Amino acid sequence: MLSVVRVHLPSEIPIVGCEITPYVLLRLPTGVVSTDDVPEAAPADGYFMRYRIQSDRKVAICSVHPMEQATIQCLGCVKSKIPVAKSYHCSAKCFSDAWQHHRVLHERASSALNENGAEEEELFGRFGSTGSGVLSTTGSGSMSNLGQSPGLNNGPVPLYPSGTDKNSGETWYEVGRTRTYTPTADDIGHVLRFECVSVDAEKKVPVGPPTSIMTSRVIPAPTPTPRRLIQVNGDVLSHLDLDSQTSFGTFSVLSYNILADAYATSDAYSYCPTWALSWTYRRQNLMREIIGYHADIICLQEVQLNHFEDFFSPELDKHGYQALYKKRTTEVYTGAPHAIDGCATFFRRDKFSHVKKYEVEFNKAAQSLTDAIIPSTQRRVALTRLIKDNVALIAVLEAKFSNHGTDNPGKRQLLCVANTHVNVLQDLKDVKLWEVQTLLKGLEKIAVSADIPMLVCGDFNSVPGSSPHGLLAMGKVDQLHPDLAIDPLGILRPASKLTHQLPLVSAYSSFARMVGVGYDLEHQRRRMDPATNEPLFTNCTRDFTGTVDYIFYTADSLSVESLLELLDEESLRKDTALPSPEWSSDHIALLAEFRCKPRIRRSRIDG
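No experiment lies behind these values; they were computed from the predicted model shown.

K.L.:
Help me out: how do you make sense of the pairing of strand S21 (residues 414-421) in this one?
P.N.:
Successive residues of a regular strand alternate their side chains across the two faces of the sheet. Counting buried positions along S21 yields 8 of 8 residues, so the element is predominantly enclosed. Covered by surrounding structure in S21 are Leu414, Cys416, Ala418 and Thr420 together with Leu415, Val417, Asn419 and His421, the residues of both alternating faces. Alignment of strand S20 (residues 391-399) against S21, held across 7 bridges, turns out to be antiparallel. Looking at S21, one finds that Val396 is bridged to Cys416. Taken together, S21, helix H10 (residues 429-449) and strand S22 (residues 454-459) form a β-α-β motif whose crossover is right-handed.

K.L.:
Hey, could you run me through the sheet that holds strand S3 (residues 33-34) in this one?
P.N.:
Consider a sheet: its strands pair through backbone hydrogen bonds, and that pairing is either parallel or antiparallel. Read across the sheet, 3 strands follow the order S1-S2-S3 without closing on themselves; strand pairing throughout is antiparallel. Of all strands in the sheet, those with a lone pairing partner are strand S1 (3-8) and S3, marking the two edges. Note that strand S2 (residues 23-27) and S3 share 2 bridges and pair antiparallel. Counted as the bridge partner of Leu26 is Ser34 from S3.

K.L.:
For this particular structure, what's the right way to read the sheet that holds S20?
P.N.:
If you walk across this open sheet you meet the 6 strands as S19-S20-S21-S22-S28-S23, and the pairing is mixed. Each edge of the open sheet is held by one strand with a lone partner, namely strand S19 (352-361) and strand S23 (504-506). On average, adjacent strands in this sheet sit at an angle of 20° to one another, irrespective of strand direction. Here S23 runs beside strand S28 (residues 549-554); their pairing, made up of 3 bridges, is antiparallel. Paired with Ser506 across the strands is Phe552, a residue of S28. Relative to S19, helix H8 (residues 362-373) is tilted by about 45°, and along the sheet it contacts S19, S20 and S21. Against the sheet, helix H11 (residues 467-474) makes contact with S22, S23 and S28, and its axis sits at roughly 25° relative to S28, the strand it touches most.

K.L.:
How should I be thinking about the side chain of Ser580 in this particular structure?
P.N.:
Structurally, Ser580 is set in the loop between helix H14 (569-572) and strand S30 (590-596). Excluding anything up to four places from it in sequence, Ser580 contacts Cys272, Ala276 and Asp575.

K.L.:
When you look at the pattern of salt bridges in this model, what are you seeing that I'm missing?
P.N.:
Pairs can form between side chains of opposite charge whenever their charged atoms are close. Applying the stated criterion to the full structure yields 27 salt bridges. Two residues, Lys364 and Glu361, come together in a salt bridge whose shortest N-O distance is 3.7 Å. You can call Lys364 exposed: its relative accessible area is 56%. On the basis of relative accessible area, Glu361 is assigned to the buried category, the value being 18%. The salt bridge partner of Glu444 is Lys441, with a shortest N-O separation of 3.3 Å. Note that Glu444 and Lys441 are positioned in helix H10 at a spacing of 3 residues, about one turn of the helix. Glu444 gets classed as buried once you look at its relative accessible area, which sits at 14%. Through salt bridges with shared partners, a single network forms among Arg52, Glu174, Arg177, Arg193 and Glu195.

K.L.:
Would you take a moment to explain the nonpolar core for this structure?
P.N.:
Within soluble globular proteins, side chains that are nonpolar tend to cluster in buried spots. Counting 69 residues, the largest nonpolar core has Phe251, Ile297, Phe312, Leu455 and Phe594 as its most contacted members. If you tally residues by element for this core, the top one is helix H6 (residues 279-293), at 6 residues. Counting residues in each nonpolar core, the second largest holds 45 residues, with Cys416, Ala450, Ile452 and Leu492 among its members.

K.L.:
What exactly am I supposed to notice about the packing of aromatic side chains here?
P.N.:
To describe a pair of aromatic rings, one takes the distance between the centres and the angle between the planes. Tallied over the full model, the rule gives 16 aromatic pairs. Taking the centre distance of 4.5 Å and the plane angle of 15° together, the rings of Phe308 and Tyr325 count as stacked. Of the two residues, Phe308 is situated in helix H7 (residues 305-318) and Tyr325 in strand S17 (residues 321-327); the sequence distance between them amounts to 17 residues. According to the relative accessible area criterion, Phe308 is buried, its value standing at 11%. What links up through ring pairs into an aromatic cluster is the set Phe251, Phe352, Phe401, Tyr553 and Phe594.

K.L.:
Quick question: what am I supposed to make of the side chain of Lys388 here?
P.N.:
One can find Lys388 in the loop between helix H9 (379-386) and S20. Although Lys388 is buried, it forms no salt bridge, and the closest oppositely charged side chain is Glu435 at an N-O distance of 7.3 Å. Once residues within four sequence positions are removed from consideration, Lys388 is found in contact with Arg328, Val332, Asn363, Asn423, Val424, Leu428, Val431 and Glu435.

K.L.:
Would you explain the packing of H6 against H7 in this entry?
P.N.:
A pair of packed helices is characterised by two quantities: the angle between their axes and the separation of those axes. It is at 11 Å that the axes of H6 and H7 come closest, and there the two elements cross at 30°. In this view, H6 runs roughly parallel relative to H7, as classed from their interaxial angle. Between H6 and H7 the crossing geometry is right-handed. Where H6 approaches H7, its residues Trp279, Arg283, Gln284, Met287, Ile290 and Ile291 are matched on the opposing element by His307, Phe311, Phe312, Glu315 and Leu316. When grouped by side-chain class, the residues that make up the contact of H6 with H7 number 7 nonpolar, 2 polar and 2 charged.

K.L.:
What's the story with the pairing of strand S29 (residues 558-564) in this structure? I'm lost.
P.N.:
Counting buried positions along S29 yields 6 of 7 residues, so the element is predominantly enclosed. The pairing of strand S13 (residues 229-231) with S29 spans 3 bridges and is antiparallel. Across the sheet, the residue bridging to Gln231 is Ser562, located in S29. Here S29 pairs with S30 via 5 bridges, running antiparallel. Opposite Val560, over in S30, you have Phe594 as the bridge partner.

The rules behind these values
- Residues numbered from 1 in each chain as written.
- Predicted model: local features only at pLDDT ≥ 70, side-chain atom pairs only at ≥ 80, totals over all residues.
- Heavy atoms only, no water.
- Buried < 20%, exposed > 50% of the residue type's maximum accessible area, 1.4 Å probe, protein only.
- Helix = DSSP H or I, 4+ residues; strand = E, 2+ residues; numbered from the N terminus.
- Pairing = 2+ DSSP bridges.
- Right-handed = clockwise from strand over helix to strand, strands pointing away.
- Axes fitted to C-alpha atoms, helices over the stretch in contact; angles between N-to-C directions.
- Contact = heavy atoms within 4.5 Å.
- Salt bridge = Lys/Arg side-chain N within 4 Å of Asp/Glu carboxyl O.
- Core = buried A, V, L, I, M, F, W, Y, C linked by side-chain atoms within 4.5 Å.
- Phe/Tyr/Trp six-rings, centres within 6.5 Å; stacked < 30°, edge-to-face > 60°.
- Lys, Arg positive; Asp, Glu negative; His and termini not counted.
- Parallel < 35°, antiparallel > 145°, perpendicular 65-115°, else oblique.
- Left-handed = near helix turned anticlockwise from the far one by under 90°.
- Nonpolar A, V, L, I, M, F, W, Y, C, P; charged D, E, K, R; others polar.

Listed below in structure tokens is the structure:
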């Protein structure tokens, strides 16, 4: 026989809009224990599972037929201060049949309150004559949430039957009959009860009592505080509406490490409520935030393969984005294949078309490097140090908007966008710097083949002042930099080779370079580090607060128009750190709006 072994909820607090799928462990008739569902369409040895979701929310009940939900309410009762329970009826016929008795309630109430009889007649009318002023089919309170609007001459059609628990005397109202349920605004403040029971497929009757589990009270989904887009391309600070399209000839780029579900554990983030760490909650919160920025290009890091395929790609497709993805390699990774993360780049189809995609696998570069410079007897040790499964995704896009002011208005406007996550332990500074150098050398090759603006986005796990940041921002590494002291494999020697020719500048350094005064400008400056011209932080956990995320751009071909305002650490500390119920990653999103500068050289990259 099919039976339930155990049931538990993935999160103790249900959130509006966040799907609930209880974990159900079943013992199949064969004796095998499984988490796979056994639906009615595919019974196991004559048995299947039936599910029901109930709510304790108070639904108006007919005063005449207590097992029926009310669909109409007598406004006269409300006016006459008659107990509200007596004002509900399940149908117009129910009210008509009870009218003679019901009208006595009005008369008694009228006499008690010494109200004017003509006023009462005007208010109530005569039921069956004109029908005016007698009934409210919208009801009051929770009645409006029933989703019913039957005609006055039709009988009631309750959405779900009510039921009374014989043991507790409580009344529960069925809101679903599936294994999965998504709470609505109507459920806020109410407890949900999930029931499952094995059913005889032939007789259609339950086998034994149902197994049930209750949630805490449903809460509304906290949403991130809106962040403003601040113009920085002049002395005057102004605000742009994120809900509007970016101005003609400009485009915006978002870079965001969204925190993969595999890493969002209670052990790592014990200060964050478990319900706020659950993927069902975080994915909805992240999507609301990402969509709210209206970016033309979106670079996400730590996107799990299954979440890219099942959620981000289809959801962003609905909003007009085309998707590109590169998962991390698996020489080191030992987890489930579907849970490996990677970099995902999305771009709006109405602003860009896809020209070319490059995939950088640092593991392959490590293999080539060791083959070239490491003695064969030491290669295994070298690869153990170098191989970290990190990748970069490089997309060449063609803009569909024209470039004002160009000397050659008919030429293609291309854009190269690199998206990476340099996930390397802090004590492996040589490996981190080598990966960044490898990416930049790859981008230099693209730059040689085409005169093309470039963006380098991602989580580099490198703070301002580190050697990777110096290489990106300055084009070289100081040969006396302390990071260069760690180089057991000799991969950084000579230090003079640690250079590149790309004129990269950090977009957020624009805040520090701005001149002028103003309340908003001063606010942003206080969130910048004056020593590095970078934000004080982009990653904020209980154990670490600092900047590791960047958007770099080639300053000879692009100019920064606007930046998404930075967050204040104090406001985040009210929830200890990130992630939190409000913000669903341990990183903050960065967004910059750019304008292409006039170009002279003609591109030589093929589509």
